[in-house]
Amino acid sequence: MRRRVSRSEQARVLARRVEGRTVLAVALWTLFCLLVAWGSRDLVSALGEAIAANDSAWATYTVEDYNALAETGRFSDPRKTYQVVGAYDEASGEEVFRVRDITLYTRLHDLKAPAAVVVYLGGLVVVFLWAQRRYLDAFDDLAAAVTDLVRDPAAPVRLPEELSVAGRELESVRRERLEADAAARAADEAALAAERRKDELVTYLAHDLRTPLTSVTGYLELLDESPDLPEDARRRYVSVAHGRAVRLGDLVEELFEISRFNLQTIPLERSRVDLVLLGEQVAEEAMPDAAAHGLTVRVAADGPCVAAVDPGRAARMLSNLVRNAVAHGDDGTEVVVGVGRAPDGGVRMTVRDNGPDIPEELLPHVFERFVRGDDARGDGAGAGLGLSIVEEIARAHGGRVWAESAGGTTTFTVELPR
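Quick caveat, the model's predicted, so the values are computed rather than measured.

About the cut-offs
Residues numbered from 1 in each chain as written. Predicted model: local features only at pLDDT ≥ 70, side-chain atom pairs only at ≥ 80, totals over all residues. Heavy atoms only, no water. Axes fitted to C-alpha atoms, helices over the stretch in contact; angles between N-to-C directions. Helix = DSSP H or I, 4+ residues; strand = E, 2+ residues; numbered from the N terminus. Left-handed = near helix turned anticlockwise from the far one by under 90°. Contact = heavy atoms within 4.5 Å. Nonpolar A, V, L, I, M, F, W, Y, C, P; charged D, E, K, R; others polar. Salt bridge = Lys/Arg side-chain N within 4 Å of Asp/Glu carboxyl O. Buried < 20%, exposed > 50% of the residue type's maximum accessible area, 1.4 Å probe, protein only. Pairing = 2+ DSSP bridges. Phe/Tyr/Trp six-rings, centres within 6.5 Å; stacked < 30°, edge-to-face > 60°. Patch = residues over 30% accessible without salt bridge, like charges linked within 9 Å, V, L, I, M, F, W, Y side chains within 5 Å. Areas by Shrake-Rupley, 256 points an atom, 1.4 Å probe, with all protein chains shown as cover. Lys, Arg positive; Asp, Glu negative; His and termini not counted. Charge placed at Lys NZ, Arg CZ, Asp CG, Glu CD. Core = buried A, V, L, I, M, F, W, Y, C linked by side-chain atoms within 4.5 Å. Expected span 1.5 Å × (residues − 1). Polar contact = N/O pair within 3.5 Å; in protein donor to acceptor, adjacent residues only side chain to side chain.

> Could you give an account of the packing of helix 9 (residues 311–328) against helix 11 (residues 386–396), naming the residues involved and the relevant values?
In contact at an axis separation of 9 Å, helix 9 and helix 11 are set at 145 degrees when each is read in the N-to-C sense. Along this stretch, helix 9 crosses helix 11, giving a crossing that reads as left-handed. In this structure, helix 9 contributes Arg313, Arg316, Met317, Asn320, Leu321 and Asn324 to the contact, and helix 11 contributes Gly386, Leu387, Ile389, Val390, Ile393 and Ala394. Split into classes, the residues belonging to the contact of helix 9 with helix 11 amount to seven nonpolar, three polar and two charged.

Rendered as C-alpha coordinates:
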(Lines give C-alpha, C1' and ligand atoms only; values in the text may rest on other atoms or scores of the structure.)
Protein backbone atom coordinates (compact mmCIF):
# COMPACT_ATOMS: atom_id res chain seq x y z
CA MET A 1 0.00 0.00 0.00
CA ARG A 2 1.34 3.38 -0.94
CA ARG A 3 2.36 5.62 1.98
CA ARG A 4 0.21 8.74 2.24
CA VAL A 5 2.19 11.88 3.09
CA SER A 6 0.59 13.97 5.81
CA ARG A 7 -0.52 17.40 4.66
CA SER A 8 1.19 18.91 7.70
CA GLU A 9 4.52 17.49 6.52
CA GLN A 10 4.43 19.49 3.30
CA ALA A 11 3.06 22.51 5.21
CA ARG A 12 5.98 22.35 7.65
CA VAL A 13 8.52 22.17 4.83
CA LEU A 14 6.98 25.13 3.02
CA ALA A 15 6.52 27.13 6.25
CA ARG A 16 10.15 26.61 7.27
CA ARG A 17 11.38 27.88 3.92
CA VAL A 18 9.06 30.90 3.68
CA GLU A 19 9.45 31.86 7.35
CA GLY A 20 13.21 31.60 7.09
CA ARG A 21 13.27 33.89 4.06
CA THR A 22 10.84 36.27 5.77
CA VAL A 23 13.01 36.55 8.88
CA LEU A 24 16.06 37.16 6.71
CA ALA A 25 14.25 39.88 4.73
CA VAL A 26 13.07 41.61 7.94
CA ALA A 27 16.59 41.51 9.38
CA LEU A 28 18.10 42.97 6.19
CA TRP A 29 15.46 45.71 5.99
CA THR A 30 16.00 46.66 9.65
CA LEU A 31 19.76 46.78 9.16
CA PHE A 32 19.32 48.90 6.04
CA CYS A 33 17.09 51.40 7.88
CA LEU A 34 19.56 51.66 10.78
CA LEU A 35 22.47 52.25 8.43
CA VAL A 36 20.52 54.94 6.56
CA ALA A 37 19.54 56.67 9.83
CA TRP A 38 23.11 56.60 11.11
CA GLY A 39 24.74 57.66 7.86
CA SER A 40 22.29 60.45 7.04
CA ARG A 41 22.69 62.58 10.19
CA ASP A 42 24.81 65.26 8.49
CA LEU A 43 22.60 65.07 5.40
CA VAL A 44 19.49 65.68 7.51
CA SER A 45 21.12 68.68 9.22
CA ALA A 46 22.17 70.16 5.88
CA LEU A 47 18.71 69.55 4.44
CA GLY A 48 17.09 71.23 7.46
CA GLU A 49 19.41 74.22 7.10
CA ALA A 50 18.49 74.56 3.43
CA ILE A 51 14.78 74.42 4.27
CA ALA A 52 15.17 77.07 6.98
CA ALA A 53 17.28 79.30 4.68
CA ASN A 54 14.74 79.11 1.86
CA ASP A 55 11.76 79.46 4.15
CA SER A 56 12.74 82.70 6.04
CA ALA A 57 15.33 85.50 6.05
CA TRP A 58 17.40 86.77 8.98
CA ALA A 59 16.31 90.00 10.66
CA THR A 60 18.88 92.01 12.68
CA TYR A 61 17.79 93.87 15.85
CA THR A 62 19.67 95.91 18.37
CA VAL A 63 19.42 94.76 21.92
CA GLU A 64 16.97 97.51 22.79
CA ASP A 65 14.76 96.79 19.77
CA TYR A 66 14.80 93.04 20.39
CA ASN A 67 13.88 93.53 24.08
CA ALA A 68 11.11 95.89 23.13
CA LEU A 69 9.67 93.45 20.61
CA ALA A 70 10.02 90.61 23.08
CA GLU A 71 8.06 92.59 25.67
CA THR A 72 5.25 93.06 23.18
CA GLY A 73 5.11 89.26 22.68
CA ARG A 74 6.40 89.41 19.14
CA PHE A 75 8.45 86.24 19.59
CA SER A 76 6.08 84.46 21.99
CA ASP A 77 3.50 83.17 19.50
CA PRO A 78 3.07 79.44 20.32
CA ARG A 79 2.26 78.72 16.70
CA LYS A 80 5.65 79.90 15.51
CA THR A 81 9.22 79.04 16.25
CA TYR A 82 12.06 81.56 16.00
CA GLN A 83 15.78 81.09 15.85
CA VAL A 84 17.70 83.80 17.77
CA VAL A 85 21.44 84.18 17.38
CA GLY A 86 23.57 86.82 19.17
CA ALA A 87 26.09 88.59 16.93
CA TYR A 88 28.46 91.60 16.84
CA ASP A 89 27.80 94.33 14.32
CA GLU A 90 31.19 95.60 13.20
CA ALA A 91 29.70 98.71 11.55
CA SER A 92 28.07 100.05 14.71
CA GLY A 93 30.32 98.27 17.16
CA GLU A 94 27.30 97.03 19.10
CA GLU A 95 25.85 93.68 20.11
CA VAL A 96 22.85 92.70 17.98
CA PHE A 97 20.38 89.84 17.70
CA ARG A 98 19.70 88.03 14.46
CA VAL A 99 16.24 86.40 14.30
CA ARG A 100 14.47 84.27 11.68
CA ASP A 101 11.22 82.25 11.52
CA ILE A 102 11.95 78.48 11.37
CA THR A 103 8.38 77.25 11.95
CA LEU A 104 8.26 75.14 8.76
CA TYR A 105 11.66 73.57 9.48
CA THR A 106 10.60 72.70 13.02
CA ARG A 107 7.40 71.09 11.87
CA LEU A 108 9.23 69.05 9.23
CA HIS A 109 11.87 68.09 11.78
CA ASP A 110 9.18 66.90 14.20
CA LEU A 111 7.79 64.65 11.45
CA LYS A 112 11.16 62.95 10.91
CA ALA A 113 10.69 60.22 13.55
CA PRO A 114 7.07 59.34 12.61
CA ALA A 115 8.05 59.31 8.94
CA ALA A 116 10.94 56.97 9.67
CA VAL A 117 8.60 54.64 11.60
CA VAL A 118 6.07 54.73 8.77
CA VAL A 119 8.74 53.90 6.19
CA TYR A 120 10.08 51.07 8.34
CA LEU A 121 6.64 49.62 8.99
CA GLY A 122 5.80 50.00 5.29
CA GLY A 123 8.85 47.93 4.48
CA LEU A 124 7.73 45.25 6.94
CA VAL A 125 4.29 45.19 5.31
CA VAL A 126 5.92 44.67 1.90
CA VAL A 127 8.01 41.80 3.31
CA PHE A 128 4.97 40.06 4.81
CA LEU A 129 2.97 40.57 1.61
CA TRP A 130 5.84 38.95 -0.27
CA ALA A 131 5.77 36.00 2.14
CA GLN A 132 2.01 35.63 1.66
CA ARG A 133 2.57 35.75 -2.09
CA ARG A 134 5.02 32.89 -1.80
CA TYR A 135 2.30 30.75 -0.20
CA LEU A 136 -0.13 31.70 -2.98
CA ASP A 137 2.49 30.94 -5.64
CA ALA A 138 3.09 27.53 -4.04
CA PHE A 139 -0.63 26.83 -4.16
CA ASP A 140 -0.75 27.89 -7.83
CA ASP A 141 2.24 25.65 -8.64
CA LEU A 142 0.59 22.70 -6.88
CA ALA A 143 -2.74 23.27 -8.63
CA ALA A 144 -0.99 23.52 -12.00
CA ALA A 145 0.92 20.28 -11.32
CA VAL A 146 -2.30 18.46 -10.42
CA THR A 147 -3.99 19.79 -13.59
CA ASP A 148 -1.04 18.66 -15.73
CA LEU A 149 -1.16 15.25 -14.03
CA VAL A 150 -4.84 14.86 -14.92
CA ARG A 151 -4.32 15.99 -18.51
CA ASP A 152 -1.13 14.08 -19.25
CA PRO A 153 -0.05 11.40 -16.73
CA ALA A 154 2.93 10.54 -18.92
CA ALA A 155 4.59 13.92 -18.25
CA PRO A 156 6.80 14.07 -15.13
CA VAL A 157 5.70 16.21 -12.19
CA ARG A 158 7.61 19.51 -11.98
CA LEU A 159 7.43 21.47 -8.73
CA PRO A 160 9.85 23.86 -6.96
CA GLU A 161 12.11 22.60 -4.20
CA GLU A 162 9.89 23.88 -1.37
CA LEU A 163 7.11 21.58 -2.68
CA SER A 164 9.38 18.54 -2.88
CA VAL A 165 7.20 16.46 -0.53
CA ALA A 166 4.07 17.08 -2.61
CA GLY A 167 6.13 16.54 -5.76
CA ARG A 168 7.26 13.09 -4.62
CA GLU A 169 3.68 12.19 -3.68
CA LEU A 170 2.28 13.35 -7.02
CA GLU A 171 5.05 11.48 -8.84
CA SER A 172 4.07 8.34 -6.94
CA VAL A 173 0.42 8.91 -7.88
CA ARG A 174 1.47 9.42 -11.51
CA ARG A 175 3.42 6.15 -11.61
CA GLU A 176 0.55 4.25 -9.97
CA ARG A 177 -1.90 5.68 -12.49
CA LEU A 178 0.34 4.70 -15.40
CA GLU A 179 0.66 1.18 -13.98
CA ALA A 180 -3.10 0.97 -13.40
CA ASP A 181 -3.80 2.21 -16.93
CA ALA A 182 -1.35 -0.31 -18.37
CA ALA A 183 -2.90 -3.12 -16.31
CA ALA A 184 -6.39 -2.05 -17.38
CA ARG A 185 -5.35 -2.00 -21.03
CA ALA A 186 -3.74 -5.42 -20.68
CA ALA A 187 -6.85 -6.78 -18.97
CA ASP A 188 -9.07 -5.30 -21.67
CA GLU A 189 -6.88 -6.77 -24.39
CA ALA A 190 -6.87 -10.16 -22.66
CA ALA A 191 -10.65 -10.04 -22.24
CA LEU A 192 -11.13 -9.08 -25.89
CA ALA A 193 -8.77 -11.85 -26.98
CA ALA A 194 -10.63 -14.38 -24.82
CA GLU A 195 -13.95 -13.17 -26.19
CA ARG A 196 -12.67 -13.47 -29.75
CA ARG A 197 -11.45 -16.99 -29.05
CA LYS A 198 -14.77 -17.85 -27.47
CA ASP A 199 -16.70 -16.54 -30.48
CA GLU A 200 -14.41 -18.37 -32.88
CA LEU A 201 -14.75 -21.54 -30.84
CA VAL A 202 -18.54 -21.38 -30.70
CA THR A 203 -18.55 -20.99 -34.48
CA TYR A 204 -16.11 -23.86 -34.81
CA LEU A 205 -18.14 -26.14 -32.56
CA ALA A 206 -21.45 -25.17 -34.16
CA HIS A 207 -19.97 -26.07 -37.56
CA ASP A 208 -18.53 -29.33 -36.25
CA LEU A 209 -21.86 -30.31 -34.68
CA ARG A 210 -23.39 -30.62 -38.13
CA THR A 211 -20.81 -33.10 -39.38
CA PRO A 212 -21.32 -35.92 -36.82
CA LEU A 213 -25.05 -35.17 -36.64
CA THR A 214 -25.38 -35.54 -40.40
CA SER A 215 -23.32 -38.71 -40.30
CA VAL A 216 -25.38 -40.27 -37.46
CA THR A 217 -28.63 -39.31 -39.19
CA GLY A 218 -27.43 -40.73 -42.52
CA TYR A 219 -26.29 -44.07 -41.14
CA LEU A 220 -29.44 -44.48 -39.05
CA GLU A 221 -31.56 -43.76 -42.14
CA LEU A 222 -29.62 -46.42 -44.06
CA LEU A 223 -30.21 -48.93 -41.27
CA ASP A 224 -33.89 -48.01 -41.11
CA GLU A 225 -34.46 -48.10 -44.86
CA SER A 226 -32.40 -51.28 -45.51
CA PRO A 227 -33.51 -54.01 -43.07
CA ASP A 228 -31.86 -56.65 -45.28
CA LEU A 229 -28.34 -55.23 -45.02
CA PRO A 230 -25.61 -57.81 -44.49
CA GLU A 231 -24.59 -58.24 -40.87
CA ASP A 232 -21.05 -56.98 -41.53
CA ALA A 233 -22.34 -53.78 -43.13
CA ARG A 234 -24.89 -53.31 -40.34
CA ARG A 235 -22.21 -53.65 -37.64
CA ARG A 236 -19.96 -51.25 -39.52
CA TYR A 237 -22.74 -48.65 -39.88
CA VAL A 238 -23.69 -49.00 -36.22
CA SER A 239 -20.04 -48.64 -35.18
CA VAL A 240 -19.59 -45.52 -37.29
CA ALA A 241 -22.86 -44.02 -36.04
CA HIS A 242 -21.87 -44.78 -32.46
CA GLY A 243 -18.47 -43.09 -32.92
CA ARG A 244 -20.10 -40.03 -34.46
CA ALA A 245 -22.64 -39.91 -31.62
CA VAL A 246 -19.80 -40.05 -29.07
CA ARG A 247 -18.08 -37.19 -30.88
CA LEU A 248 -21.36 -35.30 -30.94
CA GLY A 249 -21.71 -35.81 -27.19
CA ASP A 250 -18.18 -34.48 -26.65
CA LEU A 251 -18.93 -31.36 -28.66
CA VAL A 252 -22.17 -30.77 -26.75
CA GLU A 253 -20.26 -31.17 -23.47
CA GLU A 254 -17.75 -28.58 -24.64
CA LEU A 255 -20.56 -26.19 -25.42
CA PHE A 256 -21.87 -26.70 -21.89
CA GLU A 257 -18.37 -26.01 -20.55
CA ILE A 258 -18.31 -22.71 -22.41
CA SER A 259 -21.72 -21.79 -21.00
CA ARG A 260 -20.78 -22.75 -17.44
CA PHE A 261 -17.35 -21.13 -17.52
CA ASN A 262 -18.55 -17.63 -16.69
CA LEU A 263 -21.07 -18.71 -14.05
CA GLN A 264 -20.39 -18.20 -10.37
CA THR A 265 -18.11 -20.84 -8.93
CA ILE A 266 -19.95 -23.46 -6.88
CA PRO A 267 -18.54 -23.73 -3.32
CA LEU A 268 -16.23 -26.67 -2.76
CA GLU A 269 -17.54 -29.66 -0.85
CA ARG A 270 -14.39 -30.90 0.87
CA SER A 271 -13.80 -34.30 2.37
CA ARG A 272 -10.74 -36.37 3.24
CA VAL A 273 -9.63 -38.03 0.01
CA ASP A 274 -6.88 -40.58 -0.65
CA LEU A 275 -5.15 -38.87 -3.57
CA VAL A 276 -3.21 -42.03 -4.51
CA LEU A 277 -6.48 -43.92 -4.96
CA LEU A 278 -7.92 -40.92 -6.83
CA GLY A 279 -4.93 -40.96 -9.19
CA GLU A 280 -5.34 -44.69 -9.84
CA GLN A 281 -9.03 -44.20 -10.66
CA VAL A 282 -8.23 -41.39 -13.10
CA ALA A 283 -5.46 -43.46 -14.69
CA GLU A 284 -7.80 -46.44 -15.12
CA GLU A 285 -10.46 -44.27 -16.77
CA ALA A 286 -7.84 -42.88 -19.17
CA MET A 287 -6.54 -46.34 -20.19
CA PRO A 288 -8.79 -46.83 -23.26
CA ASP A 289 -7.95 -43.42 -24.68
CA ALA A 290 -4.26 -43.92 -23.88
CA ALA A 291 -4.27 -47.35 -25.56
CA ALA A 292 -5.82 -45.82 -28.66
CA HIS A 293 -2.86 -43.40 -28.78
CA GLY A 294 -0.34 -46.17 -28.09
CA LEU A 295 0.48 -44.92 -24.57
CA THR A 296 0.29 -46.28 -21.05
CA VAL A 297 -0.66 -44.49 -17.84
CA ARG A 298 1.11 -45.23 -14.56
CA VAL A 299 0.71 -43.86 -11.02
CA ALA A 300 3.84 -43.18 -8.94
CA ALA A 301 3.28 -42.41 -5.26
CA ASP A 302 5.70 -41.85 -2.38
CA GLY A 303 3.21 -43.39 0.05
CA PRO A 304 -0.25 -42.72 1.43
CA CYS A 305 -1.39 -39.17 0.75
CA VAL A 306 -4.65 -37.85 2.19
CA ALA A 307 -5.93 -34.27 1.81
CA ALA A 308 -9.17 -32.35 2.36
CA VAL A 309 -10.36 -31.62 -1.18
CA ASP A 310 -13.53 -31.68 -3.23
CA PRO A 311 -13.28 -35.20 -4.69
CA GLY A 312 -15.30 -34.49 -7.82
CA ARG A 313 -13.40 -31.34 -8.72
CA ALA A 314 -10.03 -32.85 -7.81
CA ALA A 315 -10.79 -35.80 -10.10
CA ARG A 316 -11.81 -33.40 -12.86
CA MET A 317 -8.58 -31.44 -12.46
CA LEU A 318 -6.39 -34.55 -12.59
CA SER A 319 -8.40 -36.06 -15.45
CA ASN A 320 -7.96 -32.91 -17.57
CA LEU A 321 -4.19 -33.05 -17.05
CA VAL A 322 -4.03 -36.77 -17.95
CA ARG A 323 -6.18 -36.28 -21.07
CA ASN A 324 -3.93 -33.39 -22.14
CA ALA A 325 -0.83 -35.56 -21.63
CA VAL A 326 -2.35 -38.48 -23.57
CA ALA A 327 -3.26 -36.15 -26.44
CA HIS A 328 0.33 -34.90 -26.80
CA GLY A 329 2.49 -37.83 -25.68
CA ASP A 330 4.54 -39.74 -28.25
CA ASP A 331 3.49 -43.26 -29.22
CA GLY A 332 5.09 -45.97 -27.11
CA THR A 333 5.72 -43.67 -24.11
CA GLU A 334 3.98 -43.51 -20.77
CA VAL A 335 2.14 -40.85 -18.86
CA VAL A 336 3.19 -40.78 -15.22
CA VAL A 337 0.82 -39.48 -12.54
CA GLY A 338 2.81 -38.56 -9.44
CA VAL A 339 1.31 -38.10 -5.96
CA GLY A 340 3.30 -37.02 -2.91
CA ARG A 341 4.09 -34.37 -0.33
CA ALA A 342 5.07 -30.80 -1.21
CA PRO A 343 8.07 -29.14 0.53
CA ASP A 344 5.75 -26.79 2.45
CA GLY A 345 3.75 -29.69 3.95
CA GLY A 346 0.94 -29.63 1.42
CA VAL A 347 0.27 -32.19 -1.31
CA ARG A 348 1.70 -32.28 -4.81
CA MET A 349 0.30 -34.00 -7.90
CA THR A 350 2.20 -34.15 -11.19
CA VAL A 351 1.40 -35.40 -14.67
CA ARG A 352 4.39 -36.03 -16.91
CA ASP A 353 4.49 -37.03 -20.57
CA ASN A 354 7.15 -37.38 -23.25
CA GLY A 355 6.34 -35.50 -26.40
CA PRO A 356 6.82 -32.19 -28.21
CA ASP A 357 7.94 -29.34 -25.96
CA ILE A 358 5.72 -26.35 -25.34
CA PRO A 359 7.46 -23.32 -26.92
CA GLU A 360 9.07 -21.17 -24.24
CA GLU A 361 7.24 -18.02 -25.32
CA LEU A 362 3.88 -19.84 -25.11
CA LEU A 363 4.49 -21.63 -21.82
CA PRO A 364 3.00 -18.82 -19.65
CA HIS A 365 -0.24 -18.91 -21.69
CA VAL A 366 -1.18 -22.60 -21.48
CA PHE A 367 -3.64 -21.94 -18.64
CA GLU A 368 -5.48 -19.16 -20.43
CA ARG A 369 -9.07 -19.91 -21.40
CA PHE A 370 -9.81 -20.91 -24.99
CA VAL A 371 -6.14 -21.61 -25.80
CA ARG A 372 -6.07 -24.77 -27.88
CA GLY A 373 -3.33 -27.14 -28.96
CA ASP A 374 -2.57 -25.26 -32.16
CA ASP A 375 -1.87 -22.16 -30.04
CA ALA A 376 0.18 -23.41 -27.10
CA ARG A 377 -0.45 -27.11 -26.59
CA GLY A 378 -3.64 -26.38 -24.72
CA ASP A 379 -6.26 -29.06 -25.22
CA GLY A 380 -5.79 -30.56 -28.65
CA ALA A 381 -8.91 -30.11 -30.71
CA GLY A 382 -11.06 -29.27 -27.69
CA ALA A 383 -12.50 -26.01 -26.55
CA GLY A 384 -9.33 -24.80 -24.90
CA LEU A 385 -10.86 -24.90 -21.42
CA GLY A 386 -9.24 -27.99 -19.90
CA LEU A 387 -6.11 -26.41 -18.49
CA SER A 388 -7.87 -23.19 -17.51
CA ILE A 389 -10.37 -25.31 -15.53
CA VAL A 390 -7.40 -27.04 -13.86
CA GLU A 391 -6.10 -23.65 -12.74
CA GLU A 392 -9.53 -22.54 -11.51
CA ILE A 393 -9.95 -25.70 -9.42
CA ALA A 394 -6.43 -25.40 -8.00
CA ARG A 395 -7.04 -21.78 -6.99
CA ALA A 396 -10.41 -22.65 -5.47
CA HIS A 397 -8.56 -25.10 -3.20
CA GLY A 398 -6.03 -22.40 -2.27
CA GLY A 399 -3.30 -24.01 -4.37
CA ARG A 400 -1.41 -23.30 -7.57
CA VAL A 401 -0.45 -25.01 -10.83
CA TRP A 402 2.39 -24.54 -13.27
CA ALA A 403 3.95 -26.19 -16.31
CA GLU A 404 7.53 -27.06 -17.25
CA SER A 405 8.58 -28.28 -20.68
CA ALA A 406 12.10 -29.03 -21.90
CA GLY A 407 14.07 -31.85 -23.48
CA GLY A 408 10.97 -33.67 -24.74
CA THR A 409 9.40 -33.91 -21.27
CA THR A 410 6.43 -31.82 -20.18
CA THR A 411 5.30 -31.79 -16.55
CA PHE A 412 2.23 -30.14 -15.05
CA THR A 413 2.44 -29.71 -11.27
CA VAL A 414 -0.42 -28.96 -8.85
CA GLU A 415 0.25 -28.07 -5.20
CA LEU A 416 -2.64 -27.92 -2.72
CA PRO A 417 -2.71 -27.16 1.00
CA ARG A 418 -2.92 -30.34 3.07
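> Let's hear about the pattern of salt bridges: which residues, and what values?
Counted under the stated rule, the structure contains seven salt bridges. With a shortest N-O distance of 2.5 Å, Arg235 and Asp232 are connected by a salt bridge. Linking Arg235 with Asp232, this pair stays in helix 7 (residues 231–261), spanning three residues, or about one helical turn. Residues joined in a network through salt bridges with shared partners are Glu231, Asp232 and Arg235.

> Describe the pairing of strand 7 (residues 334–341), with residues and values.
Judged by how many residues are buried, strand 7 sits mostly within the fold: six of eight residues are covered. The sheet contact formed by strand 7 and strand 8 (residues 347–354) spans six bridges and is antiparallel. Paired with Val336 across the strands is Arg352, a residue of strand 8. The turn joining strand 7 and strand 8, which pair antiparallel and follow one another in sequence, is formed by five residues; a positive phi near 95 degrees is taken by Gly345.

> Can you break down the packing of aromatic side chains residue by residue, with the values?
Throughout the structure, instances matching the rule amount to three aromatic pairs. Plain terms: the ring middles of Trp29 and Phe32 are 5.7 Å apart, the flat faces sit at 25 degrees to each other, and that makes the pair stacked. Linking Trp29 with Phe32, this pair stays in helix 1 (residues 7–39), spanning three residues, or about one helical turn. On the accessibility criterion, Phe32 (47% relative accessible area) is partly exposed. With a centroid separation of 6.0 Å and an interplanar angle of 90 degrees, the aromatic rings of Phe367 and Phe412 are classed as edge-to-face. Placement of the pair is Phe367 in the loop between strand 8 and helix 10 (373–376) and Phe412 in strand 10 (residues 409–416), with a sequence separation of 45 residues. Like Phe412, Phe367 is buried.

> Which residues make up a negative patch on the surface, and what are the values?
On the surface, a cluster of negative charge is contributed by Asp274, Glu280, Glu284 and Glu285. A total of three residues in the negative patch trace back to one element, the largest contributor, which is helix 8 (residues 275–292). For Glu284, the location among the structural elements is in helix 8.

> Describe the sheet that holds strand 3 (residues 94–101), with residues and values.
Strand order in the open sheet made by the three strands is 1-3-2, with antiparallel pairing throughout. Edge positions in the sheet fall to strand 1 (59–62) and strand 2 (82–89), since each of these pairs with one other strand and no more. Within this sheet the neighbouring strands show an average axis-to-axis angle of 30 degrees, counted without direction. Looking at chain direction, strand 2 and strand 3 are connected through eight bridges and run antiparallel.

> Outline the environment of Ala190, listing residues and values.
Relative to the assigned elements, Ala190 resides in helix 6 (residues 164–225). Separated by 178 residues in sequence, Ala190 and Glu368 place their C-alpha atoms 9.4 Å apart.

> With reference to specific residues and values, describe the nonpolar core.
Counting residues in each nonpolar core, the largest one holds 39 residues, and the members touching the most others are Leu275, Val297, Met317, Met349, Phe412, Val414 and Leu416. Secondary-structure elements contributing two or more residues to this core are helix 8, strand 6 (306–309), helix 9, strand 7, strand 8, helix 11, strand 9 (400–406) and strand 10. Not counting residues within four places of it along the chain, the set of residues in contact with Leu275 comprises Cys305, Ala307, Val309, Val339, Val347 and Met349. Counting five residues, the second largest nonpolar core, distinct from the first, contains Leu14, Val18, Ala138 and Leu163.

> Hey, could you go over the environment of Glu95 for me, with residue numbers and the actual values?
Within the secondary structure, Glu95 sits in strand 3. Excluding its chain neighbours within four sequence positions, the residues that come into contact with Glu95 are Thr62, Val63, Ala87 and Tyr88.

> Give a description of helix 8 that names residues and reports values.
With 18 residues, helix 8 extends 26 Å between its outermost C-alpha atoms, agreeing within 8% with the 26 Å of an ideal straight helix rising 1.5 Å per residue. What helix 8 keeps buried is the set Leu275, Val276, Leu278, Gly279, Val282, Ala283, Ala286 and Ala290. Buried residues along helix 8 sit in contact with strand 4 (271–274), strand 5 (296–301), strand 6, helix 9, strand 7 and strand 8. Between a side-chain oxygen at the N-terminus of helix 8 and the backbone nitrogen of Val276 the separation is 3.0 Å; the capping residue is Asp274. Phi turns positive, to about 75 degrees, at Gly294, one or two residues after helix 8.

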